[in-house]
Amino acid sequence: IVPLYEDASLQKKVKKRKKHTENHRHTIKRVRTDCNADSKCSVDTNKPNATPDDVETEGTALQIESKKPIGFTFEGMPICSHLRLVPGYKTMAVPTFDLLDDLKSYNDAMTKCKAKSRKQSSSTPPPARISSAHDEISLCTPKGMQKISPELYTKSVHGLQCDSFVGLFDQVLSTDGKRRKMACGERTKVWLSQCLNHLEKVGEGNPIPQILAPIVCQIGDKEFKEAIDNIITLEKKIAGIVLVGWHHIASRQDRVSILKQVSNPINPLSRDKFSQKDLAVLAVSDMKQFLDAVRGGVNVIGTTLPASMARSKHALMLDLYNWEKISGKDNCDDNKNEAELDGNGCQDLSCVTFLRDTTVLIPGCSCPSCAQDKHTRAYIHHLINCKELLADILLFSHNLYQITLLCKEMSNAMQKGKLD
């Protein structure tokens, strides 16, 4: 997100003019102070025989000449020069992982800012909502809600030089009306076609990234099937399918049913026809959804579980090193350990039971937190009580390593036919 000026050629001159204007403002302030002390004082400025009125007029003229941003826009910069990515990793750009989650976080942050503000107005503005038109949608950014069109989005993504990207999509609540859901599905299909058309125009000179077709899960059964039929017609132009809002579906049975519709061999959209295509889910809320997505054939999963677990002082404590030995055995000690875990396979390190626990989070784990037995559970518990940022860092690195290891072990289990 970058500032937008009326004339792009003046962007480099704005900083110099702004600094020059500030210097004149300080001069004006000094002149006024001196004149208040003695009305007959002489004014010493760069202009010969200048008066306070002359200086003020000159400062005003400079202020008018200096151009301020008239808004903000999106600009893609190569991520290889801005991020330290390990060679071999694939990158994928998305407009947002979930519009509804972003709006909730945005409204919560605005509410907290208003509560802390001393100047409270009697009338509070309504919370932000999903704002979309036939040719653009509003996204949450560090500069507030900003509109973006398929053309601008495609141009920005091309500047990122990612391997792939998700087409621009609209999103609805499950409680929205039928007309709103139909409009959401239609806009997403139209924007996908526009992204494909704009990609061919801007793709000169640099490698063209592959595009993944988004499908909004809350648009209804009929519209969902129409979206699948539309993707079948674009099979040669897309690199895969992305399910948007899948984690918002309350029923587990409905979530599994949606995955079957896009990965069931009986369906025309089968793995036989789309053998080289990716199936992605942009967000999952817990480990149950994570595992259901893997069982349903999803090979790209977006999640903030490592960070959210770390913020809540939880560590993922699944024994992923000996799962083949443990499976099929009834061991009382293992059952006892499993009983201490919550539904996500985590333990709360802020609990007082870890006060004198001198073991690492998982013995044998190679993550930065557990390697060489550096950080014990008691030490992390101490950091949590002291409200040290290092506690979140250690928990995040451990959770991220464990989820990465979980994906690797599930891939091995799939090859051996032991995923269940």
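Data block above holds the structure.
Residues numbered from 1 in each chain as written. Predicted model: local features only at pLDDT ≥ 70, side-chain atom pairs only at ≥ 80, totals over all residues. Heavy atoms only, no water.

(A) Structural context of the overall build of the chain. In terms of helices and strands, the chain carries 13 helices and twelve strands. Expressed as a percentage of its 420 residues, the buried residues of the chain come to 39%. The long-range fraction of contacts in the chain, counting pairs at least 24 apart against all pairs at least 6 apart in sequence, stands at 70%. (Helix = DSSP H or I, 4+ residues; strand = E, 2+ residues; numbered from the N terminus. Buried < 20%, exposed > 50% of the residue type's maximum accessible area, 1.4 Å probe, protein only. Contact = heavy atoms within 4.5 Å.)

(B) Representation of the pattern of salt bridges in the model. Enumeration according to the criterion identifies nine salt bridges in this entry. Measuring nitrogen to oxygen at the nearest pair gives 3.4 Å for the salt bridge that ties R187 to D170. Linking R187 in helix α5 (residues 178–202) with D170 in the loop between β6 (164–166) and α5, this pair joins segments that are 17 residues apart in sequence. Accessibility expressed as a relative area gives 21% for R187, which makes it partly exposed. Residue D292 pairs with R295 through a salt bridge whose shortest N-O separation is 3.6 Å. One end of the pair, D292, and the other, R295, are both in helix α8 (residues 287–295), three residues apart, so they sit about a helical turn from each other. Classification of D292 by relative accessible area gives buried; the value is 6%. Residues joined by salt bridges that share partners form a network here, namely D170, R180 and R187. (Salt bridge = Lys/Arg side-chain N within 4 Å of Asp/Glu carboxyl O.)

(C) Structural detail: the packing of α5 against helix α6 (residues 221–233). For the pair α5 and α6, the least separation of the axes is 10 Å and the interaxial angle reads 10°. Compared by their axis directions, α5 and α6 come out roughly parallel. The residues of α6 that touch α5, namely those facing M182, K189 and L192, are E223, E226, A227 and N230. Residues that form the contact of α5 with α6 fall into these classes: three nonpolar, one polar and three charged. (Axes fitted to C-alpha atoms, helices over the stretch in contact; angles between N-to-C directions. Parallel < 35°, antiparallel > 145°, perpendicular 65-115°, else oblique. Nonpolar A, V, L, I, M, F, W, Y, C, P; charged D, E, K, R; others polar.)

(D) Up close: unusual backbone geometry. Here the phi dihedral of Q161 falls at roughly 60°; this positive angle occurs in a residue that is not glycine. Position of Q161 among the secondary structure elements: in the loop between α4 (150–160) and β6. The backbone of D373 shows a phi angle near 55°, a positive value even though the residue is not glycine. As for its position among the elements, D373 is in the loop between β12 (346–348) and α12 (377–385). Residue D373 is classed as exposed on the basis of its relative accessible area, which comes to 57%.

(E) Focus on empty space enclosed by the protein. Going through the model one piece at a time under the given rule, you end up with two cavities of 30 Å³ or more. Reported here for the largest cavity is a volume of approximately 70 Å³. Lining the largest cavity are G185, T188, K189, L192, P214, I215, V216, I219, A227, N230 and I231. In terms of residue count, the dominant contributor to the lining of the largest cavity is α5 (four residues). When its residues are assigned to classes, the lining of the largest cavity shows seven nonpolar, three polar and one charged. (1 Å grid on protein atoms, 1.4 Å probe; cavity = no way out; pocket = protein on both sides within 12 Å on 5 of 7 lines; lining within 4 Å. Points joined across faces, edges and corners; volume = space filled by probe spheres on them.)

(F) Here's a closer look at the packing of aromatic side chains. Across all of its chains, the model carries one aromatic pair by this definition. Ring geometry for Y153 against F165: centres 5.9 Å apart, planes inclined by 70°, an arrangement best described as edge-to-face. In this pair, Y153 is assigned in helix α4 and F165 in strand β6, connecting sequence segments twelve residues apart. Accessibility classification places Y153 together with F165 in one group, the buried group. If you follow R255 out to its NZ or CZ, it ends over the ring of W246, 5.8 Å from the centre. (Phe/Tyr/Trp six-rings, centres within 6.5 Å; stacked < 30°, edge-to-face > 60°. Lys NZ or Arg CZ within 6 Å of the ring centre and 35° of its normal.)

(G) Looking closely at the nonpolar core. Ranked by size, the top nonpolar core spans 52 residues in total, and within it I215, L243, W246 and F290 carry the most contacts. The residues touching I215, leaving out its near neighbours within four places in the chain, are F224, A227, I228, I231, I241, V242, L243 and V244. One finds F354, C370, L383 and I384 within the second-largest nonpolar core, a separate group that totals 18 residues. (Core = buried A, V, L, I, M, F, W, Y, C linked by side-chain atoms within 4.5 Å.)

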